[in-house]
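Structural description and commentary
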Amino acid sequence: MSRFSFLLLIIACCSCQNDNEKALQNPGSDKGEKKYDLYEPSEMALLMNVMYDIQNQLKGSIQNGDSLSNFPEEILKIHTAQMSDFKERNQAFEAYSHLFVEKFELIFDTTSQVPLKKRYNDAVNLCLNCHQTECTGPIPRIKKLLIK
Ligand code: HEC
């Protein structure tokens, strides 16, 4: 799949938000707003897609036995990135984001005795844990990142 159609797919199935629910909550809100038709990804949504790509590249390197890239600092933006209007940084998000970064950093710990594949999968499982709390749409895609 080309990068472009991949992006379209992401936009098409951005699934944290349930448009029907929104519509039900705001009956008669017909101010001509096209807000939800023109989906504009939040800083966090864009970051998540970058994180997906990084994790996918790591998967490839680990499977091929290549050496890993340097620690991708972008990941740390999870602590500051702006979320979509309909999302908030609640306690669960804060807790999971710290756990995720911890697990993610372990992938790059060259002194660790834990097998690299396990450390990698632990980080992916944290993506999944956080997503199970509020943003379940991307879960099937994230599962594909696991190394069997
Ligand atoms: C701490 C919680 C948390 C963690 C950890 C997390 N996510 Fe997310 N993810 C979210 C939230 C919240 C959103 C919705 C962001 C928004 O719409 O502003 C999201 C959105 C996404 C999206 C959809 C983006 C879009 O285009 O709408 C993808 C794909 C995604 N995450 C993949 C991942 C991957 C891969 C990982 C691990 C490398 C990960 N996430 C880790 C909370 C998390």
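Here, the structure is the one placed above.
Report follows, based on the coordinates. (Residues numbered from 1 in each chain as written. Predicted model: local features only at pLDDT ≥ 70, side-chain atom pairs only at ≥ 80, totals over all residues. Heavy atoms only, no water.)

1. Here's the deal with the site of the ligand
- With respect to spatial proximity, 28 residues lie near the ligand, and among them Met 48, Ser 84, Cys 127, Cys 130 and His 131 are the closest.
- The separation between an oxygen atom of the ligand and a polar side-chain atom of Asn 49 is 3.0 Å.
- Contact distances for the ligand include 2.6 Å between an oxygen atom and a side-chain N or O atom of Ser 84.
- Residue assignment for the shell around the ligand shows that the elements contributing at least two residues are helix H3 (43–64), helix H4 (91–107), helix H5 (116–134) and helix H6 (139–143).
- Top contributing element to the shell around the ligand by residue count: H3, with seven residues.
- Classifying every residue of the shell around the ligand by side-chain character gives 20 nonpolar, six polar and two charged. (Near = heavy atom within 4 Å. Polar contact = N/O pair within 3.5 Å; in protein donor to acceptor, adjacent residues only side chain to side chain. Helix = DSSP H or I, 4+ residues; strand = E, 2+ residues; numbered from the N terminus. Nonpolar A, V, L, I, M, F, W, Y, C, P; charged D, E, K, R; others polar.)

2. Concerning H3
- Spanning 22 residues, H3 covers 32 Å between terminal C-alpha atoms, matching the ideal 32 Å at 1.5 Å per step.
- Taken together, the buried positions of H3 are occupied by Met 44, Ala 45, Leu 47, Asn 49, Met 51, Tyr 52, Ile 54, Gln 55, Leu 58, Lys 59, Ser 61 and Ile 62.
- A positive phi of about 70° marks Gly 65, the residue just after H3. (Expected span 1.5 Å × (residues − 1). Buried < 20%, exposed > 50% of the residue type's maximum accessible area, 1.4 Å probe, protein only.)

3. Some points on the coordination of the iron atom of the ligand
- The protein atoms donating to the iron atom of the ligand are Met 48 (SD) and His 131 (NE2), with metal-donor distances spanning 2.0 to 2.3 Å.
- One can describe the donor arrangement at the iron atom of the ligand as octahedral, given that its six donor atoms subtend angles of 85 to 179° at the metal. Within this pair, whereas Met 48 is found in helix H3, its partner His 131 is found in helix H5, the two being separated by 83 residues in sequence.
- A residue is classified by how much of its surface remains accessible, and Met 48, at 26% relative accessible area, is partly exposed.
- For His 131, a relative accessible area of 11% translates into the label buried. (Donors = N, O, S within 2.8 Å, 3.2 Å for Na, K, Ca; no water. Tetrahedral: all angles 85-135°; square planar, octahedral: opposite > 155°, others 65-115°.)

4. Topic: the nonpolar core
- Judged by nonpolar contacts, the single largest core of 28 residues is most densely connected at Ile 78, Phe 100, Phe 104 and Tyr 120.
- If we skip the residues at most four places from it in the chain, Ile 78 touches Met 44, Leu 47, Met 48, Met 51, Arg 89, Phe 93, Ser 97, Phe 100 and Val 101. (Core = buried A, V, L, I, M, F, W, Y, C linked by side-chain atoms within 4.5 Å. Contact = heavy atoms within 4.5 Å.)

5. Regarding the pattern of salt bridges
- Inspection of every chain in the model, using the stated rule, returns three salt bridges.
- Between Arg 89 and Glu 94 there is a salt bridge, with its nearest N and O atoms 3.4 Å apart.
- Here Glu 94 falls in the partly exposed class, since its relative accessible area comes to 28%.
- We note a salt bridge from Asp 122 to Lys 118, for which the minimum N-O separation is 3.0 Å. In this pair, Asp 122 and Lys 118 are both assigned in helix H5, four residues apart and thus about one turn of the helix distant. (Salt bridge = Lys/Arg side-chain N within 4 Å of Asp/Glu carboxyl O.)

6. A closer look at H5
- Over its 19 residues, H5 extends 29 Å from the first C-alpha to the last, a length consistent with the 27 Å expected when each residue adds 1.5 Å.
- Those residues of H5 lying buried are Arg 119, Tyr 120, Asn 121, Ala 123, Val 124, Leu 126, Cys 127, Leu 128, Cys 130 and His 131.
- Looking at the buried positions of H5, the neighbouring elements they touch are H3, H4 and H6.

7. Some words on the side chain of Arg 119
- One can find Arg 119 in helix H5.
- Buried Arg 119, no salt bridge; nearest opposite-charge side chain is Asp 109, N-O distance 5.9 Å.
- A polar side-chain atom of Arg 119 sits 3.3 Å from a polar atom in the side chain of Ser 112. (Lys, Arg positive; Asp, Glu negative; His and termini not counted.)

8. A few points about the side chain of Ser 42
- Relative to the elements of secondary structure, Ser 42 occurs in the loop between helix H2 (19–25) and H3.
- Among the polar contacts made by the side chain of Ser 42, one reaches the main-chain amide nitrogen of Ala 45 at a distance of 2.9 Å.
- If near-sequence neighbours (up to four positions away) are discounted, Ser 42 is found in contact with Gln 82, Met 83 and Ser 84.

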